[in-house]
Amino acid sequence: MALYTVLTPEEIAAVVRRFGLPAPDRVKPEPKGAVNTNYHVWAGGERYFLRINEGKTEADVRFEAEVQRYLFDARFPVPHLHLADDGRPFVPFAGKPAMLFSYAPGEEIALGAAGPDRCRRVGEQLGRLHDLSAGFTHERANPYAVPRVAGWIAELRPEGDGDADVKAALPVLEDELARAAALPGAPRGLVHGDLFVDNVLWVGDRVSFVLDWEMSCVDPFAYDLGVAVNAWCYVHGYDSARARALVSGYRSKRRLEPETVDAVYAWARYAALRFTASRIHAFHRAALGEDRLAWKDWRRYRDRLLALRAMGEGGYRELLGL
Ligand SMILES: Nc1ncnc2c1ncn2[C@@H]1O[C@H](COP(=O)(O)OP(=O)(O)O)[C@@H](O)[C@H]1O
Ligand SMILES: N[C@@H](CCOP(=O)(O)O)C(=O)O
């Protein structure tokens, strides 16, 4: 589990008091997630989700709060973000911004259960998000753009940080990094940036919530599409029925511009590189032991990268039916 900051019950009570809540009846750490420290909190007859943001600036948190507010007002399925007693969307705790969300009911599904029908629903949400982006006025560059990924890869040279699998993958990572220096420009707007299976909750076959907007930023829509196809449409290999359903769901909510179609293969490769590198980084560099940080297998993203390289742009367009 990711539990970077351990809070006592008294500390949690002090934080939630600033959000106008009484002392919690119950608190439970959330074992999933790799980036932040998260707690489920029951207080005043309601359930909440408390996130202690790790490694974030106030600007990062304020941007995410604007995204949450804009989408909530647009009735996009995001959990409600609560404001503190001073009107800020966070309360500082030990120098880290703590945010309080309403609990989002719904069930996470396994990747294996995310067949074409679910992928279509995910594509609909992504298309709707990108459509709504036209009215969103805040700016944030992608914090996971090429320079950050380049820094992570540099840490692995020349020996893969002592990991033989990483060492063997380094030439491919370096090659992809060099390609990423020339990513194509394409229509941009608000993107989620992390539309993985564990960030979507379901009630029956309907999406109940889209979670975890901390990686949201303004970047090409092609990047978000690439992230989503990588996440939802690869099981033992890429699955064309899933990918086509996702694209068709997207198109039912928003026109897919030709410039995005032209750019999506390159951005999907970048997305696969970025998550391969961030997973290696998280595992190799985290100060936490395995008991407090879930192992997300970076090799599953290396495999996507290799598959994308092997299929080429023509194969990717065929996969997506574009
Ligand atoms: N508002 C919420 N209500 C209920 N569960 C949530 C909420 N936000 C996140 N979660 C749960 O917590 C898990 C970890 O959250 P996540 O945001 O992915 O962690 P991290 O901040 O480390 O990336 C999610 O997979 C989801 O199951
Ligand atoms: N979704 C990414 C990285 C972040 O994971 P999260 O569970 O903390 O949102 C991955 O799976 O690598």
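Computed from a prediction, not measured in an experiment: that's the story for all the values here. (Residues numbered from 1 in each chain as written. Chains lettered and ligands numbered in written order. Predicted model: local features only at pLDDT ≥ 70, side-chain atom pairs only at ≥ 80, totals over all residues. Heavy atoms only, no water.)

K.L.:
Sorry, what's going on with empty space enclosed by the protein here?
P.N.:
Taking a probe equal in size to a water molecule and rolling it over the atoms shows the remaining empty space. Considering all chains together, one arrives at 1 cavity of 30 Å³ or more under this definition. When its volume is computed, the largest cavity comes out at roughly 40 Å³. Lining of the largest cavity is provided by Phe76, Gln125, Leu126, Leu129, Leu195, Val210 and Trp213. Among the elements that take part in the lining of the largest cavity, helix 3 (residues 116-132) stands out by supplying 3 residues, more than any other. Considering only residue class, the lining of the largest cavity consists of 6 nonpolar, 1 polar and no charged. (1 Å grid on protein atoms, 1.4 Å probe; cavity = no way out; pocket = protein on both sides within 12 Å on 5 of 7 lines; lining within 4 Å. Points joined across faces, edges and corners; volume = space filled by probe spheres on them. Helix = DSSP H or I, 4+ residues; strand = E, 2+ residues; numbered from the N terminus. Nonpolar A, V, L, I, M, F, W, Y, C, P; charged D, E, K, R; others polar.)

K.L.:
Would you mind showing me how to read the UniProt feature "domain: Aminoglycoside phosphotransferase" (unreviewed entry) in the protein here?
P.N.:
The sites that carry the UniProt feature "domain: Aminoglycoside phosphotransferase" (unreviewed entry) are, in the present numbering, residues 28-251. As a span, residues 28-251 carries 37% helix and 20% strand, and end to end its C-alpha atoms are 40 Å apart. (UniProt positions renumbered as here; feature names shortened; annotations may be inferred.)

K.L.:
I would appreciate a short explanation of the site of ligand 2 in the present structure.
P.N.:
In the neighbourhood of ligand 2, the contacting residues comprise Gly33, Ala34, Val35, Asp194, Phe196, Asp198, Asn199, Asp212, Met215, Phe275, Arg279 and Lys296. A distance of 2.6 Å is found between a nitrogen atom of ligand 2 and a side-chain nitrogen or oxygen belonging to Asp194. One of the side-chain N or O atoms of Asp212 is found 2.7 Å from an oxygen atom in ligand 2. Protein coverage of the free-state accessible area of ligand 2, which is 330 Å², stands at 94%. Residue composition of the shell around ligand 2, grouped by class: 5 nonpolar, 2 polar and 5 charged. (Near = heavy atom within 4 Å. Polar contact = N/O pair within 3.5 Å; in protein donor to acceptor, adjacent residues only side chain to side chain. Areas by Shrake-Rupley, 256 points an atom, 1.4 Å probe, with all protein chains shown as cover.)

K.L.:
Please clarify how helix 2 (residues 58-73) should be interpreted in this entry.
P.N.:
Side chains that are three or four residues apart share a direction in an α-helix, a result of its 3.6 residues per turn. For helix 2, with 16 residues, the first-to-last C-alpha span of 22 Å sits near the 22 Å given by 1.5 Å per residue. Residues Asp60, Val61, Phe63, Glu64, Ala65, Val67, Gln68 and Leu71 constitute the buried set of helix 2. Contact partners of the buried residues in helix 2: strand 3 (46-52), strand 4 (81-82), strand 6 (96-102), helix 3, strand 7 (188-191) and strand 10 (217-220). Positive backbone phi, at 65 degrees, marks Arg75, one or two positions downstream of helix 2. (Expected span 1.5 Å × (residues − 1). Buried < 20%, exposed > 50% of the residue type's maximum accessible area, 1.4 Å probe, protein only. Contact = heavy atoms within 4.5 Å.)

K.L.:
Any chance you could explain the layout of surface pockets here in plain terms?
P.N.:
Counted as a void, the second largest pocket has a volume near 400 Å³. Lining the second largest pocket are 18 residues, and of these Phe196, Val197, Asp198, Arg279 and Lys296 lie nearest its centre. Examining the composition of the lining of the second largest pocket, we find that 3 residues originate from one element, helix 9 (residues 299-320), more than from any other. Its residues placed into classes, the lining of the second largest pocket shows 9 nonpolar, 1 polar and 8 charged.

K.L.:
In this structure, what is going on with the site of ligand 1? I would like to understand it.
P.N.:
Neighbouring residues of ligand 1: 20 residues in total, closest Val35, Asn36, Ala104, Asp212 and Glu214. Asp198 has a polar backbone atom sitting 3.3 Å from an oxygen atom of ligand 1. One nitrogen or oxygen atom from the side chain of Glu214 is found 3.0 Å from an oxygen atom belonging to ligand 1. Burial of ligand 1 by the protein amounts to 94% of the accessible area it has alone, namely 550 Å². Counting residues per element, the ones that place at least two in the shell around ligand 1 are strand 2 (37-43) and strand 6. Here the residues of the shell around ligand 1 are counted per class, giving 8 nonpolar, 6 polar and 6 charged. In terms of domain composition, the shell around ligand 1 takes at least three residues from each of domain 1 (9-102) and domain 2 (111-320). (Domains from an automatic or database assignment.)

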